[in-house]
Each structure stands twice: as structure tokens, then as C-alpha cells.
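Chain and residue survey
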Amino acid sequence: MRHAKSDYPDGIADHDRPLARRGVREAGLAGDWLRANVTAIDAVLCSTTTRTRQTLARTGIQAPTRYAERLYDAAPGAVIEEINTVGDEVKTLLVVGHEPAMSGVALVLAGADGTDAALAERIAAKFPTSGIAVLAVPCAWEDLEPGRAALVGFEVPR
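Residues numbered from 1 in each chain as written. Predicted model: local features only at pLDDT ≥ 70, side-chain atom pairs only at ≥ 80, totals over all residues. Heavy atoms only, no water.

Moving on: the packing of aromatic side chains. For any two aromatic rings, the description comes down to two numbers: the centre-to-centre distance and the angle of the planes. According to the stated counting rule, one finds one aromatic pair in the structure shown. Each ring, one from Phe127 and one from Phe154, has its centre 5.1 Å from the other, and the planes form 50°; the classification is tilted. Of this pair, Phe127 sits in the loop between α5 (117-125) and β4 (132-136) while Phe154 sits in strand β5 (residues 150-155); the two residues are 27 residues apart in sequence, bridging distant segments of the chain. An identical accessibility class is assigned to Phe127 and Phe154; each is buried. Above the face of the Tyr67 ring, Arg53 is positioned so that its terminal group lies 4.0 Å from the ring centre. (Phe/Tyr/Trp six-rings, centres within 6.5 Å; stacked < 30°, edge-to-face > 60°. Helix = DSSP H or I, 4+ residues; strand = E, 2+ residues; numbered from the N terminus. Buried < 20%, exposed > 50% of the residue type's maximum accessible area, 1.4 Å probe, protein only. Lys NZ or Arg CZ within 6 Å of the ring centre and 35° of its normal.)

Pasting the structure below:
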């Protein structure tokens, strides 16, 4: 999931930017969509920025959360390496991060049988704030690598 729409207050460092009013609303809608369409989320990996933390809080998702500084300004490979550290007890993982990493991760991981090419094209064209890519992962998190997952959903709650 990409964080919700952020604000750009003067004098605030990028890492500390909060959600905009629209972002607060859309993060709540994202949470509604996740609860209605995704099996119970067992764990969350979240960037340490203010906007990602606020996005997660506004979704209302209650799951053990690890905040990873590395997810801020990350390349897709770094995000995948963080995912690789998740334990086998986690069946459904939510990752809350930034662009262009979130679209990059979704597209790099997608490729297994069941990947929806039309969804991949939508993600490649634009991954808006509050966007949620859903991937089916047929392996242990530690074994996840490029092309190993199937892209099965993409939602932008509005």
C-alpha cells in the first residue's frame, strides 16, 4: 500500500510531512476496503515517516507492526529484503510505503501464474496515494524473489 495523500507544510522535512485532509479520509476508506477484501492481516511493515504511520493508524488495521527506516526512499530490492525477514507465522502481510518503491515492488514480484496483466499495466501507468496492490505469494517470505508472486488485485479507495 502506498501512503495516503500527504500535506506539504512549509518548513517541515519530507520525512515528517503529515497527511492532508483528503489523505485522512482516503486512508480510512483504504482500511474499509482492506477489511472487506483481504483476509485478516497478520503483520505490517511500515515506513517510519509521519505520513505512513498516520496512514496505517487511519486504516484501523490492528496487527503487529514493525517500522523500518529502510522503507523510506527505498528501492524495490530493499523492500523485498525487508519482506524476506518476515516469519512463517505471518500469512497475510501489509506493507505501507512510498512511490516509486510500492509500484516497483508489485511489478517486480508479479510474474507467477495468475498475474493479471491489465492490473500490472494500471500500476505501471500510475500508483496513486492510498493505492493497494494485492499479491498472492506461494512461498515462505524468506524465499520471495522477483517474479515469484501473482498480482491479483489493485484498488485505489476514493
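A few words now on the sheet that holds strand β1 (residues 43-47). If you walk across this open sheet you meet the three strands as β2-β1-β3, and the pairing is parallel. Here the strands that pair on one side only, and so sit at the sheet edges, are β2 (65-68) and β3 (93-96). Strand-to-strand twist of the sheet, defined as the mean angle between neighbouring strand axes without regard to direction, takes the value 15°. (Pairing = 2+ DSSP bridges. Axes fitted to C-alpha atoms, helices over the stretch in contact; angles between N-to-C directions.)

With that settled, consider the pairing of β3. Of the two faces of β3, both are covered, the one formed by Leu93 and Val95 as well as the one formed by Leu94 and Val96. Judged from the four bridges that link them, β1 and β3 form a sheet pairing that is parallel. Among the inter-strand pairings, Ala43 is bridged to a residue of β3, identified as Leu93.

Along the chain, the position of Thr92 falls in the loop between α3 (76-83) and β3. There is a polar contact of 2.9 Å between the side chain of Thr92 and the side chain of Thr39. Excluding anything up to four places from it in sequence, Thr92 contacts Val38, Thr39, Ala40, Ile41, Asp42 and Ala43. (Polar contact = N/O pair within 3.5 Å; in protein donor to acceptor, adjacent residues only side chain to side chain. Contact = heavy atoms within 4.5 Å.)

Let us look at the environment of Leu94. Locating Leu94 in the fold gives a position in strand β3. In sequence terms Leu94 and Ala74 are 20 residues apart; their C-alpha atoms lie 16 Å from each other. Excluding its chain neighbours within four sequence positions, the residues that come into contact with Leu94 are Met1, Leu34, Ile41, Ala43, Val44, Leu45 and Leu56.

The next thing to look at is helix α4 (residues 101-109). Here α4 lies mainly inside the structure; seven of its nine residues are buried. Among the residues making up α4, those that are buried are Ala101, Met102, Ser103, Gly104, Val105, Ala106 and Leu109. Looking at the buried positions of α4, the neighbouring elements they touch are α3, β3, α5 and β4.

In this structure, Thr59 sits in helix α2 (residues 50-59). For Thr59, the side chain forms a polar contact with the main-chain nitrogen of Ile61, separated by 3.2 Å.

What follows deals with the packing of α3 against α4. One way to put it is that α3 packs onto α4 with a least axis distance of 8 Å and a crossing angle of 70°. When the interaxial angle is binned, α3 and α4 end up roughly perpendicular. Where α3 approaches α4, its residues Pro76, Val79 and Ile80 are matched on the opposing element by Ala101, Met102, Gly104, Val105, Val108 and Leu109. Considered class by class, the residues forming the contact of α3 with α4 number eight nonpolar, one polar and no charged. (Parallel < 35°, antiparallel > 145°, perpendicular 65-115°, else oblique. Nonpolar A, V, L, I, M, F, W, Y, C, P; charged D, E, K, R; others polar.)

As a further point, take the nonpolar core. In terms of nonpolar packing, the biggest core is built from 30 residues, with Val79, Ile83, Leu93 and Val95 touching the most fellow members. Sequence-distant contacts of Leu93, that is, excluding residues within four places in its chain, are made with Ala43, Val44, Leu45, Ile83, Val86 and Trp141. Counting 14 residues, the second largest nonpolar core, distinct from the first, contains Met1, Trp33, Leu34 and Ile61. (Core = buried A, V, L, I, M, F, W, Y, C linked by side-chain atoms within 4.5 Å.)

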